[in-house]
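# Analysis of the macromolecular model
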Amino acid sequence: GAVVSQHPSWVICKSGTSVKIECRSLDFQATTMFWYRQFPKQSLMLMATSNEGSKATYEQGVEKDKFLINHASLTLSTLTVTSAHPEDSSFYICSAGGPTSGGRTGELFFGEGSRLTVL
Amino acid sequence: GDSVTQMEGPVTLSEEAFLTINCTYTATGYPSLFWYVQYPGEGLQLLLKATKADDKGSNKGFEATYRKETTSFHLEKGSVQVSDSAVYFCALNQGGKLIFGQGTELSVKP
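So, here's what we can say about the structure. Counting starts from 1 at the beginning of each chain's written sequence and moves along it residue by residue. Chains and ligands are labelled sequentially in the order written, the chains with letters from A and the ligands with numbers from 1. Given that the model is predicted, a residue must reach a pLDDT of at least 70 before its local features are reported, and side-chain atom pairs must reach 80 or more before they are shown or counted; all residues, however, enter totals for whole chains, interfaces and linings. As a convention, hydrogens and water are excluded, and side-chain values are obtained from all of the structure's heavy atoms.

This paragraph deals with the overall build of chain B. Helix and strand counts for chain B come out as 0 helices and 12 strands. Numbering of helices and strands runs from the N terminus; a helix is a DSSP stretch of H or I covering at least four residues, while a strand is a stretch of E covering at least two. Its helices and strands in sequence order give chain B the pattern β-β-β-β-β-β-β-β-β-β-β-β, from N to C terminus. Rg of the C-alpha trace for chain B: 13 Å, near the compact-globule value of 13 Å for 110 residues, within the 12% margin. C-alpha extents for chain B along the principal axes are approximately 40 × 25 × 20 Å. Only C-alpha atoms enter the radius of gyration, while the globule expectation follows 2.2 Å times N to the 0.38, with N the number of residues.

Turning to the state of the cysteines, a few remarks are in order. Residue and element names in this part refer to chain A. By convention in this document, the label disulfide applies to cysteine sulfur atom pairs within 2.5 Å. For the structure on display, the rule yields 2 disulfides over all chains. In this model C23 forms its disulfide with C94; the gap between the sulfur atoms is 2.0 Å. In this structure, the disulfide formed by C23 and C94 twists by about 80 degrees around the S-S bond and is classed as right-handed. Remark: C94 occurs in strand 9 (residues 90-97) and C23 occurs in strand 3 (residues 19-25); sequence separation between them is 71 residues. In this pair, the class of C23 matches that of C94, namely buried. Between C13, a cysteine without a disulfide, and C94, which holds the nearest cysteine sulfur, the sulfur-to-sulfur distance is 18 Å. Relative accessible area serves as the criterion here: at 9%, C13 is assigned to the buried category. Type-normalised accessible area, obtained with a 1.4 Å probe on protein chains alone, sets the label of each residue: buried when under 20%, exposed when over 50%, and partly exposed for intermediate values.

All names here are of chain A. A strand pair is defined by DSSP finding two or more bridges across the two strands. Spatial ordering of the open sheet is given by 1-3-8-7, a layout of 4 strands whose pairing is antiparallel. Sheet topology places strand 1 (4-7) and strand 7 (67-73) at the edges, where each strand pairs with a single neighbour. Ignoring which end each strand starts from, the neighbouring axes of this sheet average 15 degrees apart. The sheet contact formed by strand 3 and strand 8 (residues 76-81) spans 6 bridges and is antiparallel. Across the sheet, V19 pairs through a bridge with V81, a residue of strand 8. Every angle, taken between N-to-C directions, lies between 0 and 180 degrees, and every axis is a line fitted to C-alpha atoms, over only the stretch in contact when it is a helix.

Moving on, we get to the interface of chain A and chain B. Size of an interface: often given as the accessible area lost when the parts come together. We call two residues contacting when some pair of their heavy atoms lies within 4.5 Å. Facing the 19 residues of chain A at the interface are 19 residues of chain B. Each salt bridge in this description consists of a side-chain nitrogen of Lys or Arg and a carboxyl oxygen of Asp or Glu lying within 4 Å of one another. Joining chain A to chain B, the criterion identifies 0 salt bridges. In protein, a polar contact requires one atom able to donate a hydrogen and another able to accept it; more generally it is a pair of N or O atoms within 3.5 Å, and residues adjacent in sequence count only if both atoms are side-chain atoms. Remark: the boundary between chain A and chain B carries 3 residue pairs in polar contact (both at pLDDT 80 or more). Counting only elements with at least two residues in the side of chain A that touches chain B, the list comes to strand 4 (32-38), strand 5 (44-51), strand 9 and strand 10 (108-110) of chain A.

Let us now look at a nonpolar patch on the surface. Each patch groups residues whose relative accessible area exceeds 30% and which form no salt bridge, using 9 Å between like charges and 5 Å between nonpolar side chains of Val, Leu, Ile, Met, Phe, Trp and Tyr. To measure how exposed things are, a 1.4 Å probe is used in the Shrake-Rupley method; for residues, cover is taken only from the protein chains shown. Judged by side-chain polarity, A:W10, A:I12 and A:L119 come together as a nonpolar surface patch covering roughly 390 Å² of accessible area. Relative to the helices and strands, A:L119 resides in the segment after strand 11 (114-118).

Before going further, it helps to examine the layout of surface pockets. Considered as a void within the structure, the largest pocket measures approximately 520 Å³ in volume. The residue inventory of the lining of the largest pocket, partitioned by class, reads 10 nonpolar, 9 polar and 5 charged. Throughout, the protein atoms alone are placed on a 1 Å grid, and a set of points is a cavity if a 1.4 Å probe fits but cannot get out or a pocket if it is open with protein on both sides within 12 Å along at least five of seven lines; lining residues have an atom within 4 Å of a point. Grid points are joined across faces, edges and corners, and a volume is the space filled by probe spheres set on the points. Each residue is assigned to one of three groups, with Ala, Val, Leu, Ile, Met, Phe, Trp, Tyr, Cys and Pro labelled nonpolar, Asp, Glu, Lys and Arg labelled charged, and all others, Gly among them, labelled polar.

The subject of this paragraph is the side chain of A:S95. Residues and elements named next belong to chain A. Relative to the elements of secondary structure, S95 occurs in strand 9. Overall, the relative accessible area of 0% leaves S95 in the buried class. Dropping the residues within four chain positions of it, S95 is found in contact with T32, M33, F34, Y36, L108, F109 and F110.

Quick look at the structure:
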């Protein structure tokens, strides 16, 4: 299947700093990627849809100035958590549709996830 | 809006027991349905999928049938193993975005 890779897999930062998480589709081009957030023992919450070459579409309740998303190329989307605070600590997961799925069947391939801890 | 509801966990079973994790959905139209699995400390992996009514998805001994009449997609396995311990998520496709259920934690004891 298609491969999606995230980096870093875990990061610890001080409160007030910004953290960037990268999501790459390694063997296919992804015009659309999705960013999810997962709290401990809870489901995945869709944060935003990242569109290559245009602005991201944020879900209701997600602060776009807090969670900056950039999709500069067909294989890379980045999520930047700006001025991070302890409540931003979470597991962030990106996903993208594979080359023969995506819009047709909705199947998504997921990155390994990035665990952010804000001290 | 579209939604997915799963049975609450955690579910604890002995090895070789029969597993059922219930999943029902609410959606307009006939979305594709999925089961994803998340092993401890890892991201999500697609377990199986079904794209239309009466389709049966299967993988690694797990099965789920897309039931339009009951809007369900229950996950089953005849004989679970310790290595099946994970969190299982039911999901549907809403315009290319996945809507997830709350997840069901499965713990299999030897």
